[in-house]
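Overview (structure and organization)
Read off the chains here:
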Amino acid sequence: MTPGSKSQTILEWHQFIGVDETITSKPINRIAGSKPRPTTHATIIREASLPTESSFTSRKRLVSNSLPMATALTQNSNDTVRTAVELAALAKSVEGLRKTLENFDGCPLKKTATNLVFVDGNADADILFIGEGPGAEEDRQGIPFVGTSGNLLGKMLASIGLSRGEILISNTVFWRPPGNRTPTHQEIAACMPFVERLIEIVRPKILVMLGGAAAKSLLGEAQGIGRLRGRWFSFKTQNMPHPVVATPMFHPAYLLRTPIQK
Ligand code: URA
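Summarised in this report is the structure supplied together with it. (Residues numbered from 1 in each chain as written. Predicted model: local features only at pLDDT ≥ 70, side-chain atom pairs only at ≥ 80, totals over all residues. Heavy atoms only, no water.)

Turning our eyes to something else, we now look at the environment of H251. On the secondary structure map, H251 appears in the loop between β7 (244-249) and α12 (252-257). In sequence terms H251 and I225 are 26 residues apart; their C-alpha atoms lie 9.1 Å from each other. In contact with H251, other than residues within four places in its own chain, are E132, F145, S149, L210 and G211. Here A253 takes part through its backbone nitrogen, which lies 2.9 Å from a polar atom of the side chain of H251. (Helix = DSSP H or I, 4+ residues; strand = E, 2+ residues; numbered from the N terminus. Contact = heavy atoms within 4.5 Å. Polar contact = N/O pair within 3.5 Å; in protein donor to acceptor, adjacent residues only side chain to side chain.)

Set out below in structure tokens:
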């Protein structure tokens, strides 16, 4: 391949967007000949793409979510969750919430983790991303999304002109699940009051849930991420005056394992 040639430019572009393997020896144009998608998604996106406070009441077709998990569980009086709700409610800032979490022993994952992994980015951001849970590198550094998933997320953000400093990012659990397993319902429930409080404090304009665990636990939806992604929901806790628009998308780790979904 000649340096500076068209092929070289195309190869570099693929590397930039995170393509790291080829699927077949010949390229397939999956767009040519396909029909446009006349799905309800477009309607929902159009109706939900006005994240101003005044638009919330008029957005009738927006898919609504059920009660956030912590609220539902508190009603079932789980002691740990109730304590977590009470402690989280006392925090008035993102840093205050971090300090509260540092002293919180209600999540079993804390026992096996090296570090608390809470947030990274800009606490005044308009967009808040919630992932699943920290991996090995995040556990080592105490910062969310600094491993390979974070690398891809950074590229995805760059492709729409955003840097990590312009968003805030966190997870459904704040300590690494051993061996990177999916966090259990109990572990997510213990951390969820802090996630909800984070959303109340930051008051983002858009909430993005990365992957099925985040989408299911925040939206209270049973459907898988394949069905939820790309749709716009409305997320609200009891303490929020207005809902925030929320959308699930594939987790970067899934996209790394399944590049065709990129
Ligand atoms: N995957 C996540 O869901 N969160 C992280 O912080 C890192 C990888």
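Still to come is the rest of the account.
Next up on the list: helix α6 (residues 94-102). Restricting attention to buried positions, one finds in α6 the residues V94, L97, R98, T100 and L101. Axial view of α6: buried residues confined to an arc of 160°, hence all on one face. Each element contacted by the buried residues of α6 is listed here: α5 (79-90) and α9 (185-202). (Buried < 20%, exposed > 50% of the residue type's maximum accessible area, 1.4 Å probe, protein only. Arc of directions from axis to C-beta.)

With respect to spatial proximity, the complete set of residues near the ligand consists of G131, E132, G133, P134, E138, P144, F145, N171 and H251. In the model, an oxygen atom of the ligand is placed 2.8 Å from a nitrogen or oxygen of the E132 main chain. Contact between the ligand and H251: an oxygen atom at 2.7 Å from a side-chain N or O atom of the residue. Relative to its unbound accessible surface of 240 Å², the ligand loses 93% to contact with the protein. Of all the cavities here, the one that holds the ligand is the second largest pocket. Considered class by class, the residues forming the shell around the ligand number three nonpolar, four polar and two charged. (Near = heavy atom within 4 Å. Areas by Shrake-Rupley, 256 points an atom, 1.4 Å probe, with all protein chains shown as cover. 1 Å grid on protein atoms, 1.4 Å probe; cavity = no way out; pocket = protein on both sides within 12 Å on 5 of 7 lines; lining within 4 Å. Sits in = over half its atoms within 2 Å of the grid points. Nonpolar A, V, L, I, M, F, W, Y, C, P; charged D, E, K, R; others polar.)

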